[in-house]
Amino acid sequence: MKRRLPRRWRIALRRAAAGDRPWETPSVRELCELPATTPLLVHAGGIAEDRALGGILAALARLPEFHLALVRTDADGAAVRELIRRAGKARRRVHEVPRPRRLTPAFLASADLAVLGFAPAGEPAAPVPAVLDAYRAAGLRIVAGNARPVREYLARHKIGELFAPGSVPSFVKAVERAWDRTAEAPEAAEPTVAPVEAGTPGPWRALGAGPVRLGLGTANYAGQLSALAAAISAARPDVGVELVVAKPPATYRYPADRYLHFPAEHQLDVQLDQIRRVLGAYTHLIVDAFRPVLGRLNGDDVAADLPALRRARIKVALLAHGSEIRHPGAHLERHAESAFRDAPEDLRERLTVVAERNRRTAEESGLPLFVTTPDLLDDVPFATWAPLVVDVDGWTCDRPVLERARPVVLHAPSNRWTKGTDRLLPQLQELHDRRIIELRLVEGLPYSEMRRLVQDADIVVDQLVIGSYGTFSCEGMAAGKVVVAYLSEAAHRAVGVQPPIVNATPTTLVKAIESLLDDRAAATALAAEGPGYVRDQHDGRRTAEVFDAFLR
């Protein structure tokens, strides 16, 4: 019987014949036994952790020229073989490659593009996947799932394309864009981005327009600081505002007075300028998400900035939105279907450290703490609810709901594990397959396009695993849609609100939607309460009232 030589022996013999060193670690292309002319994608970011890999393999059917190398550890072997089995006809273009002891640039560089699907990400504390540095060191363009830390990394280094995890068309288009750019002639070097840039101020009075000189910074998640600055300015004519945001330039989306180019926070001259500006100009300061406000000279959170702020007699308040203060262990105990059941263990551990550190800062400092969702009061009961602020008029529409025989149900996760997407999606897909609803799953779309989709929907499904409603729920209610989310009823009773939202978990979602469709008149009446509720609670007036005493 004719036996085939092991792959590494075949590679060594080819190298020896070509006059190369036969026993060096083979490259990923050599291990796939592909010629240099064959387009090769490489995935080396961990198999079990990447829940978008199934979609990436499904997309190969639409990329018939491309091969994919899955670099795996010994523990990943069974998972890789199952993924390859499910790839159908494309499985002949999927290569199982053992991971070397060191993921070197020489090993990866023979591929054409690097891919990364789902990188687990918490809100303010998410890590950048380490494999991105390995891809970059190998000189590869990266095609990656759209998550905040990955998005900021790619924008900072200008080396990649984003796609919506779970969307085959989005991945295909991202690969095609990246491939086209690898074929382009090298571009002239772009001008260096200034470490500090003048921003585009929003509708607020400038610093110095009144005796109260309020600084805000530096996270501005979902534009909430921009909305808060405008709300306070509208309510308090004696307040002038300066909003400083620290982000990569490509993510400058919301109004601000100054942008700190994200890596520049670590530069000494930028930090000293920020210290002079804050300590010399502000009377009041709202610290967003416990982020440092004096650059990174004192560390990566605000705690070490506080002594200098006290000496400057600046009144300081803390503002929190989510996992920077939400304790994973406590949340798991309180909620049977907690989002943290889907979070990787290492992410839970990191978020636990962050939440405990920030709670300790809040308690020991004695500073006023405000939270934007009622459920966070379970973690920090000494805090005050400052409702999220949304542009109610911008989302209002007159399209009636639930008149279609097959209503449109929209789910648009910004981050799958915090929304419970992987648990609720099979339930919605079942209803879609039974032609009871038309499911629209949307990820990574621009703001303007998202507004159109919300206004065209009948039912908006937000998170089902956290315990409170967020910006997306507010936008759905403002548009007059039926909104489904998981609410901790006790937390909302404690702040005196009863939002017109259908309360559901992944387990009860199908029953909740079927009940809505069984009594469409009641569901329509509930949706009609949404615009009024959001105007009362979330147009900025109540939020400005909450901060009024602090600004005195």
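Note that the structure is predicted; figures quoted are calculated from it, not measured. (Residues numbered from 1 in each chain as written. Predicted model: local features only at pLDDT ≥ 70, side-chain atom pairs only at ≥ 80, totals over all residues. Heavy atoms only, no water.)

Description of the overall build of the protein chain
In step 1: Along the backbone of the protein chain there are 22 helices and 19 strands.
In step 2: Considering the protein chain as a whole, with its 552 residues, one finds that 55% of them fall into the buried category.
In step 3: Within the protein chain, contacts between residues at least 6 apart in sequence are counted, and of these 71% link residues at least 24 apart.
In step 4: Total accessible area on the protein chain stands at roughly 24100 Å², and carbon and sulfur atoms take up 51% of it. (Helix = DSSP H or I, 4+ residues; strand = E, 2+ residues; numbered from the N terminus. Buried < 20%, exposed > 50% of the residue type's maximum accessible area, 1.4 Å probe, protein only. Contact = heavy atoms within 4.5 Å. Areas by Shrake-Rupley, 256 points an atom, 1.4 Å probe, with all protein chains shown as cover.)

Description of a nonpolar patch on the surface
In step 1: A cluster of nonpolar residues, L268, L272 and L297, forms a patch on the protein surface that exposes about 260 Å² of accessible area.
In step 2: With respect to the secondary-structure elements, L297 resides in the loop between β11 (284-288) and α11 (306-311). (Patch = residues over 30% accessible without salt bridge, like charges linked within 9 Å, V, L, I, M, F, W, Y side chains within 5 Å. Salt bridge = Lys/Arg side-chain N within 4 Å of Asp/Glu carboxyl O.)

A closer look at the confidence of the model for the protein chain
In step 1: Residue-level pLDDT values for the protein chain average 87, and 89% of them are 70 or greater.
In step 2: Scored below 50 in pLDDT, residues 8-23 shows 21 contacts in the model against residues more than four places distant or in partner chains. (pLDDT = per-residue confidence, 0-100.)

What to know about the packing of aromatic side chains
Aromatic ring pairs are reported here in terms of the distance separating the ring centres and the angle at which the planes meet.
In step 1: Applying the stated rule across the entire model yields five aromatic pairs.
In step 2: Taking 5.3 Å as the distance between ring centres and 80° as the angle between the ring planes, the aromatic pair formed by F66 and W179 counts as edge-to-face. Within this pair, whereas F66 is found in the loop between α3 (53-59) and β2 (67-72), its partner W179 is found in helix α8 (residues 168-183), the two being separated by 113 residues in sequence.
In step 3: Taking the relative accessible area as the measure of exposure, W179 reaches 29% and is therefore partly exposed.
In step 4: One Lys or Arg, R451, reaches over the ring of W395 and ends 5.3 Å from the middle of that ring. (Phe/Tyr/Trp six-rings, centres within 6.5 Å; stacked < 30°, edge-to-face > 60°. Lys NZ or Arg CZ within 6 Å of the ring centre and 35° of its normal.)

Quick word on the packing of helix α21 (residues 520-538) against helix α22 (residues 541-548)
Two numbers describe a pair of packed helices, the interaxial angle and the distance between the axes.
In step 1: Between α21 and α22, the shortest axis-to-axis distance is 5 Å and the interhelical angle comes to 20°. If you check the angle between α21 and α22, you find them roughly parallel. For the pair α21 and α22, the contacting residues are R535, D536 and Q537 in the first and R541, R542 and T543 in the second.
In step 2: Of the residues in the contact of α21 with α22, the class split is no nonpolar, two polar and four charged. (Axes fitted to C-alpha atoms, helices over the stretch in contact; angles between N-to-C directions. Parallel < 35°, antiparallel > 145°, perpendicular 65-115°, else oblique. Nonpolar A, V, L, I, M, F, W, Y, C, P; charged D, E, K, R; others polar.)

Regarding the sheet that holds strand β4 (residues 113-116)
In step 1: Taken together, six strands build an open sheet; the order of strands is β3-β2-β1-β4-β5-β6 and the sheet is parallel. Unpaired on one side and paired on the other, β3 (94-98) and β6 (160-163) mark the two borders of the sheet. On average, adjacent strands in this sheet sit at an angle of 25° to one another, irrespective of strand direction.
In step 2: In the sheet, strand β1 (residues 40-43) pairs with β4 via two bridges, with the strands oriented parallel. Along β4, the bridge assignment pairs V42 with A114.
In step 3: Each of β2 and β3 is contacted by helix α4 (residues 77-86), which is oriented at about 170° to β3, the strand it contacts most.
In step 4: Sheet contacts for helix α7 (residues 148-157): β4, β5 (141-145) and β6; angle to β6, the most-contacted strand, approximately 155°. (Pairing = 2+ DSSP bridges.)

Overview of the sheet that holds strand β10 (residues 258-261)
In step 1: The mixed open sheet is built from eight strands, whose spatial order is β7-β10-β9-β8-β11-β12-β13-β14. The open sheet has two edge strands, β7 (196-198) and β14 (384-385), and neither has a second partner.
In step 2: Looking at chain direction, β7 and β10 are connected through three bridges and run antiparallel. Each bridged residue has a counterpart across the sheet, and for A198 the counterpart in β10 is R258.

Description of the environment of G55
In step 1: With respect to the helices and strands, the residue G55 is situated in helix α3.
In step 2: Taking the C-alpha atoms as reference points, G55 and G117, 62 residues apart in sequence, are found 8.6 Å from one another.

What to know about the side chain of R296
In step 1: Inspection of the secondary structure puts R296 in the loop between β11 and α11.
In step 2: Residue R296 is classed as buried on the basis of its relative accessible area of 15%.
In step 3: Within polar-contact distance, the side chain of R296 engages the side chain of D300 at 3.1 Å. (Polar contact = N/O pair within 3.5 Å; in protein donor to acceptor, adjacent residues only side chain to side chain.)

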